[in-house]
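# Architecture at a glance
What follows is each chain in one-letter form.
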Amino acid sequence: MSYKPVQLFGFIMSFAYVFAGLLLLLTNFMERLVADHQYRIFFGAAILVYGLFRVRYFFIQLRKKQ
């Protein structure tokens, strides 16, 4: 099965969103930019949920294509 470069980029970016969300939730990453801990948790959770949505969407599109 061949994938288009746009599909591969979307797949990689969806996992990048998941990684960034976990990074914000579980570490002190970007502590200077987002000083308040609760805002960092909120933004991390939002990015993580968006990344999981994108991963799910990618797999749904992949199943439809088969």
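Residues numbered from 1 in each chain as written. Predicted model: local features only at pLDDT ≥ 70, side-chain atom pairs only at ≥ 80, totals over all residues. Heavy atoms only, no water.

### Focus on the environment of Phe19
Condition: Strands here mean DSSP runs of E at least two residues long; helices mean DSSP runs of H or I at least four residues long; both are numbered from the N terminus.
Assignment of secondary structure puts Phe19 in helix H1 (residues 5-26). Spatially, the C-alpha atom of Phe19 lies 15 Å from that of Phe42, the residues being 23 residues apart in sequence.

### Looking at H1
As a reminder, the rule being used: Multiplying 1.5 Å by the residue count of a helix minus one yields the expected span of that helix. Whether two residues are in contact is decided by their heavy atoms: any pair within 4.5 Å suffices.
Taking 1.5 Å as the rise per residue, H1 with 22 residues should run 32 Å; its terminal C-alpha atoms sit 31 Å apart, in good agreement. Considering only its buried residues, H1 is in contact with helix H2 (37-65).

### Comments concerning the packing of H1 against H2
Two measures define how a pair of helices packs: the angle their axes make with one another and the distance between the axes. Put simply, the test is: Between N-to-C directions, angles span 0 to 180 degrees; the directions come from axes that are lines fitted to C-alpha atoms, helices contributing only their stretch in contact. Here the word oblique covers every angle except those under 35 degrees (roughly parallel), over 145 (roughly antiparallel) and from 65 to 115 (roughly perpendicular). Each crossing gets its handedness from the near helix: less than a right angle anticlockwise from the far helix is left-handed, clockwise is right-handed. Residue polarity follows a fixed list, in which Ala, Val, Leu, Ile, Met, Phe, Trp, Tyr, Cys and Pro are nonpolar, Asp, Glu, Lys and Arg are charged, and the others, Gly among them, are polar.
Relative orientation of the contacting elements H1 and H2 amounts to 155°, with a least axis distance of 7 Å. Here H1 lies roughly antiparallel to H2, going by the angle between them. Classified by chirality, the crossing of H2 by H1 is left-handed. Across the contact of H1 with H2, the residue classes break down as 18 nonpolar, six polar and three charged.

### Concerning the side chain of Arg40
Test applied: Classification of residues uses two cut-offs on accessible area relative to the type maximum, computed with a 1.4 Å probe and protein chains only: under 20% is buried, over 50% is exposed, and between them is partly exposed. We treat Lys and Arg as the positive residues and Asp and Glu as the negative residues; His and chain ends play no part in the count. What counts as a salt bridge is simple: a side-chain nitrogen of Lys or Arg found within 4 Å of a carboxyl oxygen of Asp or Glu. Polar contact is the term for a pair of N or O atoms within 3.5 Å; when the atoms are in protein, one must be able to donate a hydrogen and the other to accept it, and sequence-neighboring residues count only if both atoms are side-chain atoms.
Tracing the backbone shows Arg40 in helix H2. The side chain of Arg40 is buried and forms no salt bridge, while Glu31, the nearest opposite charge, is found at 5.0 Å. Only 3.2 Å separates the side chain of Arg40 from the side chain of His37, close enough to count as a polar contact.

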